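Descriptive structure summary
What follows is the residue order along each chain.
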Amino acid sequence: MARYYVNKNMQANGDHEVHKTGCTWLPNPENRIYLGDYSSCDPAIREARKYYNQVNGCYYCSNACHTQ
C-alpha cells in the first residue's frame, strides 16, 4: 500500500498528476490533495477524477497510469 496524492497545480497540458509518497516530484503539502492508500495507481486515478477532469499518473512513480 502507498499513499497517493494529486497535484493541485496543473501541468502545461492541463493534467493534474497523481503521485505516491517517496516520489521525487511529489508536490509540497500545500499543493497536493491526499487521495488515500492504495495497492496500485488505478484507484488513486479514479479518486483524483472526483477533483479534476484531467488527471494522469506521474511518469516516475505511477507509470502504470501514465498516458502520453
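Please refer to the structure placed before this passage.
Residues numbered from 1 in each chain as written. Predicted model: local features only at pLDDT ≥ 70, side-chain atom pairs only at ≥ 80, totals over all residues. Heavy atoms only, no water.

Before going further, it helps to spend a moment on the overall build of the chain. Along the chain, the regular secondary structure elements total one helix and four strands. Along the chain, helices and strands appear, N-terminal first, in the series β-β-β-α-β. What you see for the chain is a C-alpha radius of gyration of 10 Å, in line with the 11 Å of a compact globule of 68 residues. Dimensions of the chain, computed from C-alpha atoms along their principal axes, come out at roughly 30 × 25 × 25 Å. In the chain, which comprises 68 residues, the share counted as buried stands at 44%. (Helix = DSSP H or I, 4+ residues; strand = E, 2+ residues; numbered from the N terminus. Rg over C-alpha atoms; globule rule 2.2 N^0.38 Å. Buried < 20%, exposed > 50% of the residue type's maximum accessible area, 1.4 Å probe, protein only.)

Once that is clear, we can look at the environment of Asp15. Mapped onto the fold, Asp15 is located in the loop between β1 (2–7) and β2 (16–20). Asp15 sits in the buried class, given a relative accessible area of 9%. Separated by twelve residues in the primary sequence, Asp15 and Pro27 place their C-alpha atoms 14 Å from one another. When sequence neighbours within four positions are dropped, the list of residues in contact with Asp15 reads Asn9, Met10, Gln54 and Asn56. (Contact = heavy atoms within 4.5 Å.)

Attention shifts here to the nonpolar core. Tyr4, Val6, Val18, Leu35, Ala44 and Ala48 are the most contacted members of the largest nonpolar core, which totals 14 residues. Listed by contribution, the elements that provide at least two residues to this core are β1, β3 (32–38) and α1 (41–48). When residues in this core are grouped by element, the largest group, four residues, is from α1. With residues near it in sequence (within four places) discarded, Leu35 still touches Tyr4, Tyr5, Val6, Val18, Ala44, Glu47, Ala48 and Tyr51. (Core = buried A, V, L, I, M, F, W, Y, C linked by side-chain atoms within 4.5 Å.)

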